[in-house]
Structure formats: structure tokens, C-alpha cells
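Survey of secondary and tertiary structure
As a plain string of letters, each chain reads:
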Amino acid sequence: MSGGDIAGLAAAVVFAVLVGLLAVPLLKLGRVFDETTVAIHELSQNVAPLLSETTTTLQETNKQLARVDTITGNVADVTGNVSALVALFAATVGGPLIKLAGFSAAVRAGFRAASPTRAGRRRG
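Notes on the structure follow. Note that this is a predicted model, so its numbers are computed, not measured.

1. Remarks on the overall build of the protein
The helix and strand tally for the protein stands at 2 helices and 0 strands. Over its C-alpha trace the protein gives a radius of gyration of 50 Å, far above what one expects of a compact globule, namely 14 Å for 124 residues. When the 124 residues of the protein are sorted by exposure, 1% land in the buried category. Summing over all exposed atoms, the protein offers an accessible surface of approximately 10,700 Å²; the carbon and sulfur share of this is 70%. One way to put it: in the protein the 11 positive side-chain charges average out to a point 54 Å from where the 8 negative ones average out.

2. What about the pattern of salt bridges?
One pass over the full model with this rule turns up 1 salt bridge. In this structure, K63 engages E60 in a salt bridge whose closest nitrogen and oxygen atoms are separated by 3.5 Å. Of this pair, K63 and E60 are both found in helix α1 (residues 3-114), 3 residues apart, which corresponds to roughly one turn of the helix. On the accessibility criterion, K63 (46% relative accessible area) is partly exposed. Taking the relative accessible area as the measure of exposure, E60 reaches 38% and is therefore partly exposed.

3. Quick notes on a nonpolar patch on the surface
On the surface, M1, I6, L9, V13, V17 and L21 cluster together into a nonpolar patch covering about 640 Å² of accessible area. Position of I6 among the secondary structure elements: in helix α1.

4. Quick notes on the environment of R31
Within the secondary structure, R31 is located in helix α1. Among the residues examined, R31 registers a relative accessible area of 54% and is labelled exposed.

Basis of the calculations
- Residues numbered from 1 in each chain as written.
- Predicted model: local features only at pLDDT ≥ 70, side-chain atom pairs only at ≥ 80, totals over all residues.
- Heavy atoms only, no water.
- Helix = DSSP H or I, 4+ residues; strand = E, 2+ residues; numbered from the N terminus.
- Rg over C-alpha atoms; globule rule 2.2 N^0.38 Å.
- Buried < 20%, exposed > 50% of the residue type's maximum accessible area, 1.4 Å probe, protein only.
- Areas by Shrake-Rupley, 256 points an atom, 1.4 Å probe, with all protein chains shown as cover.
- Lys, Arg positive; Asp, Glu negative; His and termini not counted.
- Charge placed at Lys NZ, Arg CZ, Asp CG, Glu CD.
- Salt bridge = Lys/Arg side-chain N within 4 Å of Asp/Glu carboxyl O.
- Patch = residues over 30% accessible without salt bridge, like charges linked within 9 Å, V, L, I, M, F, W, Y side chains within 5 Å.

What is shown is where atoms sit, not what they do.
This is the structure:
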């Protein structure tokens, strides 16, 4: 064997050892990728039903909000009707009651002024 053959053989042995040393981390990295693939698969299987449930919940929430919106509109209509009714009552009954109260106050004042026992006494 010549010196070149020994150097070539030594280089081949070093290369084989280097490939052997690099193969171990590459095999471990392959296992990590396999575990990651399994984890992603399990996650996607669990996320799909969760998204479906979330969609259903949002649809039901939107239905309830539409009902609340309808109720709020009805309450606003009732409030407007009550306000109009109060204004109508005040206009129809309030005016005559104010006139009646003014008239009764004038009559009382007239009776006080005409009363002989109270004619001498006046309230200040």
C-alpha cells in the first residue's frame, strides 16, 4: 500500500465516522418531525369541532341579538305612545284643572274678603 492509498483509506474512515455522527441527529430530527406531524394532525382534529361549535354559538347569539333589537324597538314604540298619551291627557284634563284651581282660589279669596270675622285679619 502506498501513502496515497493509506491517506485515501483514512479519509474514507473519517468520512464514514462523520456520516455516522451526523446520521444520529438527523434520525432524531426525523422523529421530531414525525411527532410534530402527529401533534398537528391531532390539533386539527380538535380544532374543527371547536370552530363548528363557535360558529353555532355565534349564530345563536345573533338570533338573540335580533330578538333583543326587536324588543328594544317595541319598547321605544310603547314609550312614544305613553308620552303622547300623557301629553294628550295633560292637554285635555290639565288645562281645565288649572282653570278650576284658579277659579276655586278666586272663590276662596272672595269668601275670605267677604267674611266679617276674617275681614280684620289678613295673612301676610
